[in-house]
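# Descriptive structure summary
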Amino acid sequence: MARSGWYDPPHDLRDQLRGCYGHDVEADATRGDMLAARLTRVPPNPYTGIIWLIEGEALLVERSGAETARALPRVFVCGPSRHGYRSLAAPFYRSFGVVFQPGALAALAPEVRIDRDAIADARGALPARLHPWLDNVAAARSHAERHTIAVDTLRAQRRSPSPSPTPWSRLALASWRREARNAVEVMMGWSDRHFRRRARAATGLRAVEVERLLRLEAALRDARDGASSLAEIAARHGFSDQSHFSREVRAVLSVTPAAARDRMRDGGSAEDWILRL
């Protein structure tokens, strides 16, 4: 059996934090039908996350469409992903994750290199000043307590000597839309070329890729949670028509919009639990 929970960010941290989650697995390793409960399929996404393996172990079993077998670190940083990946947890397993808005981790720790499709040991990737935070989250007694620690740490960083919003926090609240990107260029006095270079360094993706993935995520959540037709959803989220929406879903998830909606709803494969948060 697998249990997952999602913690929305508090209002004052929406520009930095996409949210936090806890995911626990208790499965009978001798039962073949429990394998899906131990799998996690991470879809393509524009976010950077820090993941703690609180109890148990996990293997990276697929990356960028290719099979692999790599033990995941106890705490790791995962970059944004164009292709997604899959992992396999031990039969008894608990994990917790902090998911940052695009560019937010780079603002919190400018020393961090944000690479696309990268998975790195957090202690090697993050500066030493954040290591006590990693330890505190790992030592917490519950996911709710871990969420509180994550939020308190980010709030403390916001009260540090440079509390002014970053360009990326402004863009996070506007879903990285083109008009918001243009406004940031004017506000910062950046050329378009300079903005594109800074955005890629901060997010690991091109700015247009960030917007594309955020728009698709919003549209698919709308499809999952509402009763609108696919044509209505396509129009609401800025796709030129339903065919355009369908092509984008196929390009990113390799399935039809209807199949993607089924995966995101209760009753879908256990390995797609992230889509149901």
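All figures in this text were calculated on a predicted structure; none of them were measured in a lab.

## Overview of the pattern of salt bridges
The full count for this structure, using the stated rule, is 24 salt bridges. Arginine 123 serves as the salt-bridge partner of aspartate 135, at 2.1 Å between the closest nitrogen and oxygen. Of this pair, aspartate 135 sits in helix α4 (residues 131–139) while arginine 123 sits in helix α3 (residues 122–125), and the two are 12 residues apart along the sequence. Here glutamate 211 ties to arginine 181 by a salt bridge, and the two come within 2.9 Å at their closest N and O atoms.

## Observations concerning the packing of aromatic side chains
Each pair of aromatic rings is reported with the distance of its centres and the angle of its planes. For the coordinates displayed, the defined rule picks out 8 aromatic pairs. Ring geometry for tryptophan 190 versus phenylalanine 195: centroids 6.5 Å apart, planes at 40°, classification tilted. Across the ring face of phenylalanine 239, the terminal group of arginine 215 is positioned such that the distance to the ring centre comes to 4.3 Å.

## So, unusual backbone geometry
Unlike most non-glycine residues, serine 175 shows phi in positive territory, near 55°. In this structure, serine 175 sits in the loop between α6 (167–172) and α7 (178–188). Overall, serine 175 belongs to the partly exposed group, its relative accessible area being 34%. At serine 254, a position not held by glycine, the phi torsion is positive, near 65°. For serine 254, the position within the fold is in the loop between α11 (242–253) and α12 (257–264). Of the residues examined, serine 254 reaches a relative accessible area of 64% and is grouped as exposed.

## Some words on the sheet that holds strand β4 (residues 48–55)
Within the open sheet, the 6 strands sit side by side as β1-β2-β9-β4-β7-β10. Their pairing is antiparallel. Each having just a single partner strand, β1 (2–7) and β10 (119–121) make up the two edges of the open sheet. Pairs of neighbouring strands in the sheet enclose a mean axial angle of 20°, with direction left out of account. Direction of pairing for strand β2 (residues 17–26) relative to strand β9 (residues 92–100): antiparallel, over a ladder of 9 bridges. By the bridge assignment for β9, histidine 23 is matched with serine 95. Each of β4, β7 (75–78) and β9 touches α4; the most contacted strand, β4, lies at about 45° to it.

## As for the sheet that holds strand β3 (residues 39–42)
With antiparallel pairing, the 4 strands of this open sheet are ordered in space as β3-β8-β5-β6. Strands at the two margins of the open sheet, each flanked by one partner only, are β3 and β6 (66–71). Each neighbouring strand pair of the sheet contributes to a mean axis angle of 20°, computed without reference to strand direction. Sheet topology note: the β3/strand β8 (residues 85–89) ladder contains 4 bridges and is antiparallel. From the neighbouring strand, arginine 41 faces β8, where its bridge partner is arginine 86.

Calculation notes
Residues numbered from 1 in each chain as written. Predicted model: local features only at pLDDT ≥ 70, side-chain atom pairs only at ≥ 80, totals over all residues. Heavy atoms only, no water. Salt bridge = Lys/Arg side-chain N within 4 Å of Asp/Glu carboxyl O. Helix = DSSP H or I, 4+ residues; strand = E, 2+ residues; numbered from the N terminus. Phe/Tyr/Trp six-rings, centres within 6.5 Å; stacked < 30°, edge-to-face > 60°. Lys NZ or Arg CZ within 6 Å of the ring centre and 35° of its normal. Buried < 20%, exposed > 50% of the residue type's maximum accessible area, 1.4 Å probe, protein only. Pairing = 2+ DSSP bridges. Axes fitted to C-alpha atoms, helices over the stretch in contact; angles between N-to-C directions. Contact = heavy atoms within 4.5 Å.

From the geometry alone we can't say anything about function, so treat these as descriptive.
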